[in-house]
Every structure is written in C-alpha cells, then in structure tokens.
Amino acid sequence: MRIFLSILFLSFGGSTLAATLPEANLTITPSTIEEGKEVTFDASDSRNTNGQKGGLEYRFQFNPSQNWTPWSTQSLQKFKPLDMGTFQAKLQVRDKQWKTVQTTYRKYRVVGDIYRKIRIKVSPTRIRAGEPIYFELVFTLPRTDDPDKLFVRWDFNSDGFFEIPWSAYRIVSHVFGDMEVGSFSPTAEVKFPDGSIQQVRGIERISVAATRQPIFKNSWNKINVLPPSVVAPIVNVSPGKQGFNEDTTFRFDASSSRVAEHAWIEWSFDGEEFVQDKTIVYKKFDSPGRHEVRTRTCYDHANPQCRETLTTIDVRTDPIDFRAEISVQNLTRNTTFYAGNTSGYFAVVVGDRLQFSANLRRQDVVEKEFSYRWDFDGDKDWDTIFLTSPVAEYVFPRPGIYYPTIDVENEKGLDSMVSMPLTVYANTVPQASFTVDRREIYPGDLVRFYPKVSDLQNRSGDLEVRFDADGDGNWDQQFRRSTTHQWRYDTPGTYIASMQVRDANKSVTTISRSITVLPYQTPKARVTISQREGDTRTAFRFDASRSSGQNLKYFWDFDYKGPQDIVNQGQLVYYSTPKVQKKFSTSGEKQILLRVVDGGGNKDELHFPIFISQYTVPQKVPAVTPLSPVANPSSAPTVPAPTFVSSKTITAPTLSRADVFFLLYETLGTPPPFPTENPFVDVRETDWFYDVALQAKQDGLIWGDSFYPQQIISAVEVQELSQAILKKSIDISDPVTREGLQRALQK
C-alpha cells in the first residue's frame, strides 16, 4: 500500500498526478451590507488539485433564489442584494485539468439603512501654544457595527495632513506649536467595519438653553490657540555667587527655565550687549568685585517679548600665587577628564571607582610643602583632613549632581580652593534580546544565536554576554564581548534558552525564550520526469525537488528489481542531487526507484517504469543526379507551392525548435488550430509558433508541459521530425540553418 500511495504523486510530462479535490475558499466583503449596496464575492484564494493557485474555473450562487453564474475563470464577482435577511452564498471551483469539483458555503447579512452619527468633543477650546488639548470622538452606531473595529485618523488643524494615522484611539491629545497661533477646526475620518469612511469636521457646540444638551450644526466653534507666555528664566550658579576668586570658572545654568518652542535665551555680562546662547554658559571674570549677569527669555523675532532675570556675582581678590586644578580618572571605565577644560557636567555612574588628583599651577612659588583635603560631594563638609598626598579615591553611593572640591594649603597657611561639576547617574541594568537564525529547528541543525544589547552607561561593544542554549542551568561559556553563539540540539522538544548580559559595574540582566526543536516528519518522495518513453539516445531528466521533508538526501536506482534489490538491503546504490539526467544503453522497460532519507534517518521511496526503444540510425537517401536541361520546359518536374500563409520571416543563422517545427509544418500548409487548452508552460497564445506547438502536441511529437521553443536543435532531431511530419528522410548536418533545411527538403 505504501508503494501505491507513492505512485499517486508520480508525474509524467511535467504534471504531477493526484487523487485529491481542489480547495474552494470564499470571502464575502462586507459580511453585513445595506440593501442595494454592492457586496464582493472573492474566490481568489482557492487552490487547484495540485495545491496551487490557478488552473480553476468558478461559478457562484449569490443566494438560494439566484441561478448559478456560468463557469468562468473570473474569481471575483460583485452583487447588489435587493432583499433584507441572512443569505447563504455558494461557490463551486472546478479543476481545468482533472475536471474535479469542490463546493463551499458562506453566509452574509443584508440590512436596511445603517444609521451612524459621529462628532468631535474638545477640551479645552482655548489654550496657549505649547499646552496639550484633548480630542474625543463621540459616536452613535447601529447594532450591526462593532465599535471595537472602528478606526480613526486625525487632522487637528484641517490642513489636509493627518497628524495621527489610522488607529483605534478615540481620545487623543495634541500640542499646537508656537507658530500655530490662531483659530483651528479639527477633522476626523472614521472607517467602519464594512469599509465605508465618514468624515466629520468641527467641534461640539454646547447650547445655553435650559436643557443644557448639545446642539449639532454644520458650523462649529473653533479652537483658539493663543501665543505662549514668556516667563523670566531660572538661573543656577556654581560653584556659588560669592566667596570665589578671579581664577574661578563660573557655570550659569538656565536649563530649568520654561522656554517655549520658538523662544530663546540671551545673556549679558557686566552691561555688555545681549547675545543669544545656550541654556548653560561658562564665564571667568578677569577682576575681583561685583559683577552683574542678566539673563532673559525672548519670543517672536518680529516683535520680541522678553522677561529678564538679574544675577549678582561677588568675586574676591586672590592673594596667592599658585592655583589648584582637579583631574579625575575613572578606574572602572578607564577614562580621564580635567576641571580645566570644563564644557559641561562630567558623567560617571554610581559604583564607579574614581581617582581624584590635585595638580598645582605655580607662579614663582618658593614654598615646597603643600597639604590637601577633599570635599567630594561639595556639601562644605570636608571628607578628609589635610594630607600630604594629592591623590584620593572615592565611590559615589547614590546619583545626583556634585561639586568635588580640593583645598590646597602651603606652608605659610595660604590656600587655593577649586571645585568641578560632576553628575553621577544611577546604574541601570543593560537591555538585551536575542534572535535565532532559523524559523524551524530540527535535531542536528546548527543554530546561531544573535545577541542585541544596549546600555545607557556603557557602549554596546563593552558589554559581555553568555548563553545557556539548552536551559540545563550550566552556562555554555564564560562572559565575553557580545558575539554570536552556536548550538546543536540532539533531540526534539522545547528548551528554555537563556542569555545574560553584564556591564562594567557587574550589573547583570537575564532573558530567556522558548526554543522548539521539531521532530522529523515522515518524508514523502515525489518525482517529475521529462518523458515516459524514449530510445537509447534519449537523455531522461528526473526531478525529485518536490519531495517533502527536512535535510533530505536522494538515492536513485535506475535498474530496480524489486524488494530484494540491493538498494533495499541498506547499501546506497546511487546518491545524488534531487535533479539527475540519465541515458540508457539497452532497450526495454526500466524500473526506476527513488529513496529520500531525512536528517533523522526517516525514509520514503517510490518506483515507476519508463520504456526504452532501440535507436536505429536512419539511412541516408542517395543524392539525385541533376537533370540536364530539357527542350520542353513543361516536361520538367514541378514542386507544388506551399499553401502556408504567415508573416513570420526566419533570419537567424541557426534554427531553434520553434523555427524547425514552423518550417516543417509550412511545407504541409497551415496546420489547423487544435481545439484544446494550451498544455505548455512556455508557450503563450500571442507567440508566433502557438499553432504549430499545439499541433505538435496533438501529433504526439512533444512529451511534457514544456516546448523549449528557443532551444537550438540538432541535425539528428531534425531528421526524426521530418520523418514524423513529412514521412520523408532528409540528409542534413549541424549546424542546422534555414538554407540547409530548404536544400534538404528539396532533394
């Protein structure tokens, strides 16, 4: 029985035999429709007997009171129902090749007028630019509509551009920018489950009548967007506003200010002209005394509106002739930075081990003894006493903004104090995911895992990963820089593969995902052959690529002798690719066997016959001695003029298969179009050789579903075709040309 089932999949002439019915699939859109509206019946997803699209004919019955439509190749039909109710539509599909028919059913509903009403509600309707405003879609729907299947898109200022594309959101928020000052009327488009779209524009208008109920009109209130308010900036100064000498670099920070989208910050130092700049600036004053810093927020370049903040800095005289500078080395991340090249806050992470160093810049200093003390967090509470070493280490235990300060004192009791800004971030755990390179995994497959890692405090290339691919609790390798990982699963089943990623602070993130290893399914052998009959000169083509199974190997036996043959004793006779070509030196019936074996050792096989005849070289016809001229021309032999009429002119130096068939049938006259469907996959009705190709198929000269029209033909094949078509042997040699063929036919 197994061999019989395999034979059902055997293909001759390029077509695979099958014993199944076609598959009928019908979709009705929409499934609920208004009376008199158009409904679409779609059968394009149907499949033929071979499980492929195409090669089908369709007919429809839209409801039981309707007649069937005629059979046609149109898979899409439209219909306007005129009666209300629930109806059952039918579809029948018929395989063109096997004439098998399959039927399916679908129901649809026809209702009366569908009442829908939608409106937009906005809160608030008067805002300033930069403030959020909320839009709500309020709707009334018939019971046939599912409100969860409505989709909306929003155009907040009705300029034709939808800021929010199609989505299921009924309540959305929007912020009008500083350049969008004025009155606006929003637009919403709603797509209903039946595919229809309805648009509404404007906002809900509230009546002042006693009923306090909404009144809906064609003209609505609009949203009023006012210019943004301008607020004076907030300025923070570090290391402080007083107590520091002229060698101090002050940091002015206005980043906490409320600055509108198109507003800007300007700075003026000691009465100088205002200059637009960033929200954080650095300034070193050249002289001691009182200095005024004016900072303002401005809006609208055409008519500027500004609000100003005044900050006063007291700078004291520096009595000493040496200066201290701070350098910091991050021992955890191997980075170094200095207070002297300040361009912003230096960033480190909680847990980083920092080494602070005090460097002295001297001017004619005669003192040789200096002592150092540190206030690492800048709270003016010294963390160390005066020490002789200028180096100290510290680890910040919590995130925040700090001002590490060094106080350097010489032997005369004079000191130099300097601070630097430092931001300490919380150490977030790294983010991680991984993918595998196979959708379906079978035992023995090499699976590659690709990690994707990121971290806010570390570069991705500095993160380390490790894998436990089979979920046994033992990591497959030690932590290493992010690379791919490979693993082979030996048995089918479900595994929990895990990956860990670790950052410089030893924070670890673990993620897992399920990996399913599928068991091998029983393979199925299938074969397509170029032809069923041939001779000892024929090169048969065998194609097993349509066999199903995983990691298949193909074994062929071209002289199969039954179950006791050596191939069935476990010895592999012939191992090859799925496509092979074979000539047979002896005539007779040949039994061919194909065995397919998958990666799990499962196998399937089928065998089938082909028929070989002995090829006989045709005898050449002796050349005819040319006749001498005759006195009476009417007695000379005449060749009847062909009646074949065609506009085709063949000028190629060598002839193709299509050319030769055309010229041979031309000698007989125009072949009548054979009344059948086109059996070829490489011939179209618009091809100039279409009639001769179908005639050759009818005459039994072509096997399979391919004509190979452009293939260059050999002299031996031309001799055989001439004998078959014209019943005449000709003498011709390679390469075959039009002139050579004409000379051979006239002999």
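Figured I'd write up the structure that's included with this text. (Residues numbered from 1 in each chain as written. Predicted model: local features only at pLDDT ≥ 70, side-chain atom pairs only at ≥ 80, totals over all residues. Heavy atoms only, no water.)

Re the sheet that holds strand β3 (residues 27-29)
Part 1 of the reasoning: Reading across from one edge, β3-β5-β7 is the order of the 3 strands in this open sheet, with antiparallel pairing throughout. Of all the strands in the sheet, the pair left with one neighbour each is β3 and β7 (76-79). Strand-to-strand, the axes of this sheet are offset by a mean angle of 20°, without reference to chain direction.
Part 2 of the reasoning: Of the pairings in the sheet, the one linking strand β5 (residues 39-42) to β7 comprises 4 bridges and is antiparallel in character. (Pairing = 2+ DSSP bridges. Helix = DSSP H or I, 4+ residues; strand = E, 2+ residues; numbered from the N terminus. Axes fitted to C-alpha atoms, helices over the stretch in contact; angles between N-to-C directions.)

Considering unusual backbone geometry
Part 1 of the reasoning: Omega for the peptide link from T29 to P30 comes to -10°, which places this bond in the cis form.
Part 2 of the reasoning: Position of P30 among the secondary structure elements: in the loop between β3 and β4 (32-34).
Part 3 of the reasoning: Backbone torsion omega between S238 and P239 reads 10°, so that peptide bond is classified as cis.
Part 4 of the reasoning: Take P239: it is sitting in the loop between β22 (236-238) and β23 (244-245).
Part 5 of the reasoning: Positive phi, normally seen in glycine, also occurs at D270, with a value near 55°.
Part 6 of the reasoning: Within the element layout of this structure, D270 appears in the loop between β25 (264-269) and β26 (275-277).
Part 7 of the reasoning: Positive phi values are uncommon outside glycine, yet Y708 reaches one of about 50°.
Part 8 of the reasoning: Within the element layout of this structure, Y708 appears in the loop between α3 (690-698) and α4 (715-726).
Part 9 of the reasoning: The partly exposed category is assigned to Y708, whose relative accessible area is 35%. (Buried < 20%, exposed > 50% of the residue type's maximum accessible area, 1.4 Å probe, protein only.)

Focus on α4
Note: α-helices contain 3.6 residues per turn, so residues at a spacing of three or four share the same orientation.
Part 1 of the reasoning: Under the 1.5 Å per step criterion, the end-to-end length of α4 is 16 Å for 12 residues, consistent within 8% with the ideal 16 Å.
Part 2 of the reasoning: Taken together, the buried positions of α4 are A715, V718, Q719, L721, S722, I725 and L726. What you see down the axis of α4 is that its buried residues fit within an arc of 170°, all on one side.
Part 3 of the reasoning: Buried residues along α4 sit in contact with α2 (657-668) and α5 (738-746). (Expected span 1.5 Å × (residues − 1). Arc of directions from axis to C-beta. Contact = heavy atoms within 4.5 Å.)

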